[in-house]
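Examining the three-dimensional arrangement
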Amino acid sequence: MNQVITVFKSRSLKLHTTRSWDFLGLTVDNAGHNPPPQLAYGSDVIVGIFDTGLVSISGSSLFQSSLNVKICNFRLGIWPESESFREPPEVKPIPSSWKGKCVGGGDVRCNRKLIGARFYLKGFEEAYGELNRTRDREYRSPRDRLGHGTHTASTAVGSVVSNVSGFAGGVARGGAPSARLAVYKTCWGKDLEGVCTEADILAAFDDAVRDGVDVISASFGSSPPLAAFFESSADIGGFHAAERGISVVFSGGNDGPDPGLVQNVAPWAVSVAASTMDRSFPTNIVIDGRYTLTGQSLVSQEITGTLALATTYFDGGVCKWENWLKKLATETIILCFSTLGPVQFIEEAQAAAIRANASALIFAASPTKQLVEEVDVITTVRVDILSGTRIRNYLARSPTVPVVKVGPSKTVIGEITAPSVAYFSSRGPSSLSPDILKPDITAPGIGILGAWPPKTPPTLLPGDHRSVEWNFQSGTSMSCPHVAGVMALLQSAHPDWSPSAIRSAIMTTAGTRDTSNDLILSGGSMKPTDPFDIGAGHINPLKAMYPGLVYNTKTEDYVLFLCNIGYTDQQIKSMLLLHSESSTTCLPSHSCRTNADFNYPSITIPSLRSTRTIKRTVSNVGPNKNTVYFVDIVRPVGVEVKIWPRILVFSNCQQEHSYYVTFKPTKISSGRYVFGEITWTNGFHRVRSPLVVFLSNSGFVAK
């Protein structure tokens, strides 16, 4: 049939809080007479979460809802009883635009906060057979088993929950605590992992678009090699959602720090990196009552034991299950090094320590790994290699077996520099479309506290029988819903903005400096970040509310992009909803325009060999319709950058302007990325666009 553009096999994709919103500047304290943005906006917005489901409603509320923004959660479902999804007494009626359903089979009850819940199982069961509810303890409903969906949903739109106790205690809430939530369970537990089939994902996109969501948040993906854009259900679904005015945000993946592994790189959606925040959990390690070092952990009570090197219990000192020497380490705290073996994952050392019956584990690893505090199955204190070496040398010199005391841990705010990019966060450039910068933005994704199903242990591991209502998680899965929450606030505050305007506002107001006013560091290298690490920078919700100028993407931009990646006129017409003959034709004029001309908030030149000029168009969305913007340029090394015009004059009669950027190489290079930025300012707003240029002019002779 002519309407069929492509046929592809359904692959399986994998899944990639209290302080984070304060760190981003969104507090719920009302020092003045006006409500803070988190409480003032969002009740008219619906956010859809594609994930592992949700937990149902009872108890107190983590994120209260009064905004009418609809956020869609594509993930592992939800635990609907969580306080985060409870309906507050003052909540407004459900927006009339909502057409969705609560498909729970009696297992999930919706309300005016959690307004929709669906689940998608056909694709999963086609691929893996009937859901094994005994082995995987899954729910054949939108209810969450793995916890991932509950956590991400609470991060995006959870209601305000006061007096959360324990580590990172305080007021917990999502980015848009008043927004409405719709859950689309597309991912299922299999062998303790979340698996999402593309057939189920695309079905969820179709429903979410029809249901009337405003924002879609999806934290899943597949490592490179990446499928072509229209052989990927996430890219196809995201494209159709964006056409209908729905903002779509994906996690960028956890394959860092090597370059070129970023996922979810379509230009019609936002790809999010993960970064740290300024909260830490210092934990004292006291040896023989006189030698003290500090690590990071979540230890609630002091633990005492004898100190031992891993060589005593593991072959070669390699802390792995199979290296155990069959000697019990009862009442012993073992020191393990990630560099021996090596032990790639801390969970390997924890499993080994449990097998040896140790009381606790001290795990030493490179500081670039940014080992994050999580709820461990065995008490684990994380230290850097330097501290680990000092402990090892103390033990070697000690005439007797040392006694070590660990904990309890403390919660400390503001004493560490943040943000820095997580070492695991996937980096650019995009391996599918290197002319579009990805990731787009970075947001908090390490040690995020979120709601959790009480029937799911915090580690998911066999033998862990603990029950918690809050849990720490890390990954770009956690940074993604932070951006979704901000999108919901922007959608509510500016209902006439397009998804591309919302993306532009987030990107052009992002920051590149940390709390010490130095350049944000790149975890995994200890060097300053570049746009491949953080995209446009670290998200700043308050500045994004008032960006001044935005880069709107029009149908012609998508046509240009699709023409340049090889789609025909007929295919493009089939994909676009609203089109004319002129807007959906790969005209000869397109042959001289590359994707560098796509009206994106960042500018990427994938191969600069000679002088080249690209175009951008900005719209004035600031309160002052009569204003003048001046440009400031930070030139990439070895590249001359000229902009015309250098002044943009906006008036009541003209609220849109185009400008041209000319790049000219000034040195010979056989292949090197260089970075700069363009900033337009009117004295109040600063609208910044990162520049990414790949210099490859060695041996090239200009004609």
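Everything numeric in this text was worked out from a predicted model, so none of it was measured.

A count of helical and extended segments in the protein chain gives 14 helices and 37 strands. Counting the 703 residues in the protein chain, one finds 58% classified as buried. With the model as given, the accessible surface of the protein chain reaches about 27200 Å², and the carbon-plus-sulfur share is 51%.

Looking now at the UniProt feature "active site" (unreviewed entry) in the protein chain. Mapped onto the present numbering, the UniProt feature "active site" (unreviewed entry) falls on Asp 51, His 148 and Ser 477. These annotated residues cover 427 residues of sequence, and their C-alpha atoms lie no more than 9.9 Å from one another, placing them together at a single site. Structurally, His 148 is set in helix H4 (residues 148–157). Assessed through its relative accessible area of 9%, His 148 is described here as buried. Position of Ser 477 among the secondary structure elements: in helix H9 (residues 476–493). On the basis of relative accessible area, Ser 477 is assigned to the buried category, the value being 0%.

Below, the discussion takes up the sheet that holds strand E37 (residues 686–695). With mixed pairing, the 5 strands of this open sheet are ordered in space as E30-E37-E36-E32-E34. At either margin of the open sheet sits one strand with a lone partner, and together these are strand E30 (603–608) and strand E34 (647–650). Each strand of the sheet is rotated relative to its neighbour by a mean of 20 degrees, with strand direction disregarded.

Considering the arrangement of structural elements, one finds Ser 409 in the loop between strand E21 (403–406) and strand E22 (412–413). Residue class for Ser 409 comes out buried when judged on its relative accessible area of 11%. At 2.6 Å, the side chain of Ser 409 and the side chain of Thr 283 are in polar contact. Polar side-chain contacts of Ser 409 include one of 3.1 Å to the backbone oxygen of Ser 297.

Another point: the nonpolar core. Phe 230, Trp 268, Val 483, Ile 506 and Leu 562 are the most contacted members of the largest nonpolar core, which has 62 residues in total. Ranked by the residues each element gives to this core, the list is headed by H9, at 8 residues. The two domains that each donate at least three residues to this core are domain 1 (35–278 + 419–544) and domain 3 (554–589).

On to the environment of Thr 389, then. If you trace the backbone, Thr 389 turns up in helix H8 (residues 385–397). Between the alpha carbons of Thr 389 and Ala 364 there is a distance of 8.3 Å; along the sequence they are 25 residues apart.

What follows is about the packing of aromatic side chains. Scanning the model with the defined rule gives 28 aromatic pairs in all. On the basis of an interplanar angle of 5 degrees and a centroid distance of 5.3 Å, the ring pair of Tyr 291 and Tyr 394 is categorised as stacked. Remark: Tyr 394 occurs in helix H8 and Tyr 291 occurs in strand E16 (residues 291–296); sequence separation between them is 103 residues. In this structure Tyr 291 comes out as partly exposed when scored by relative accessible area, which is 26%. Since its relative accessible area comes to 11%, Tyr 394 is described here as buried. Grouped by ring-pair contacts, the aromatic residues Phe 229, Phe 230, Phe 239, Trp 268, Tyr 558, Phe 561, Tyr 567, Phe 598 and Tyr 600 constitute a single cluster. Above the plane of the ring of Tyr 139 lies Arg 143, whose end atom (NZ or CZ) is 6.0 Å from the centre. It is Lys 327 that lies over the ring of Tyr 313; its NZ or CZ is 5.9 Å from the centre.

Before going further, it helps to spend a moment on unusual backbone geometry. Looking along the chain, the bond that leaves Pro 224 and enters Pro 225 is cis, with omega of 10 degrees. The omega angle of the peptide bond from Gly 341 to Pro 342 is -5 degrees, so this bond is cis rather than trans. Assignment of secondary structure puts Pro 342 in the loop between strand E18 (332–337) and helix H7 (346–355). With a phi close to 55 degrees, Asn 264 is a non-glycine residue in the positive phi region. Note that Asn 264 resides in the loop between strand E12 (247–251) and strand E13 (270–275). Classification of Asn 264 as buried rests on a relative accessible area of 10%.

Looking at the element boundaries, Asn 620 is found in strand E31 (residues 612–620). The buried category is assigned to Asn 620, whose relative accessible area is 6%. A distance of 3.1 Å separates a polar side-chain atom of Asn 620 from the backbone oxygen of Asn 624. With sequence-adjacent residues up to four places away left out, Asn 620 is seen in contact with Gly 548, Leu 549, Lys 625, Thr 627, Phe 650 and Gln 655.

What follows is about the state of the cysteines. In this structure the tally under the stated criterion is 3 disulfides. Each sulfur of the disulfide joining Cys 102 and Cys 110 lies 2.1 Å from the other. Here the S-S torsion is close to 85 degrees, and the disulfide linking Cys 102 with Cys 110 is therefore right-handed. According to the relative accessible area criterion, Cys 102 is partly exposed, its value standing at 34%. The residue that forms a disulfide with Cys 187 is Cys 196, at a sulfur-sulfur distance of 2.1 Å. Disulfide Cys 187-Cys 196: the torsion about the S-S bond is 105 degrees, which places it as right-handed. Residue Cys 187 is classed as buried on the basis of its relative accessible area of 0%.

Turning to the packing of H4 against H9, a few remarks are in order. Two numbers describe a pair of packed helices, the interaxial angle and the distance between the axes. One can describe the packing of H4 onto H9 by two numbers: an axis separation of 7 Å at closest approach and a directional angle of 35 degrees. Here the hand of the crossing between H4 and H9 comes out right-handed. Side by side, H4 and H9 meet where His 148, His 151, Thr 152, Thr 155 and Ala 156 of the first sit next to Ser 477, Met 478, Pro 481, His 482, Ala 484 and Gly 485 of the second. Broken down by class, the residue content of the contact of H4 with H9 amounts to 4 nonpolar, 7 polar and no charged.

Right, let's get into the environment of Ile 446. With respect to the helices, strands and loops of the structure, Ile 446 is situated in the loop between strand E24 (441–444) and strand E25 (448–451). On the accessibility criterion, Ile 446 (11% relative accessible area) is buried. Sequence-wise, Ile 446 and Met 478 are 32 residues apart; in three dimensions their C-alpha atoms are separated by 7.6 Å.

What follows covers the packing of H9 against helix H10 (residues 499–508). For the pair H9 and H10, the least separation of the axes is 10 Å and the interaxial angle reads 115 degrees. As for the relative orientation of H9 and H10, their crossing is right-handed in sense. Contacts from Val 483, Val 486, Met 487, Leu 490 and Gln 491 of H9 reach H10 at Ile 502, Ala 505 and Ile 506. A per-class count over the contact of H9 with H10 returns 7 nonpolar, 1 polar and no charged.

About the cut-offs
- Residues numbered from 1 in each chain as written.
- Predicted model: local features only at pLDDT ≥ 70, side-chain atom pairs only at ≥ 80, totals over all residues.
- Heavy atoms only, no water.
- Helix = DSSP H or I, 4+ residues; strand = E, 2+ residues; numbered from the N terminus.
- Buried < 20%, exposed > 50% of the residue type's maximum accessible area, 1.4 Å probe, protein only.
- Areas by Shrake-Rupley, 256 points an atom, 1.4 Å probe, with all protein chains shown as cover.
- UniProt positions renumbered as here; feature names shortened; annotations may be inferred.
- Pairing = 2+ DSSP bridges.
- Axes fitted to C-alpha atoms, helices over the stretch in contact; angles between N-to-C directions.
- Polar contact = N/O pair within 3.5 Å; in protein donor to acceptor, adjacent residues only side chain to side chain.
- Core = buried A, V, L, I, M, F, W, Y, C linked by side-chain atoms within 4.5 Å.
- Domains from an automatic or database assignment.
- Phe/Tyr/Trp six-rings, centres within 6.5 Å; stacked < 30°, edge-to-face > 60°.
- Lys NZ or Arg CZ within 6 Å of the ring centre and 35° of its normal.
- Contact = heavy atoms within 4.5 Å.
- Disulfide = S-S within 2.5 Å.
- Left-handed = near helix turned anticlockwise from the far one by under 90°.
- Nonpolar A, V, L, I, M, F, W, Y, C, P; charged D, E, K, R; others polar.

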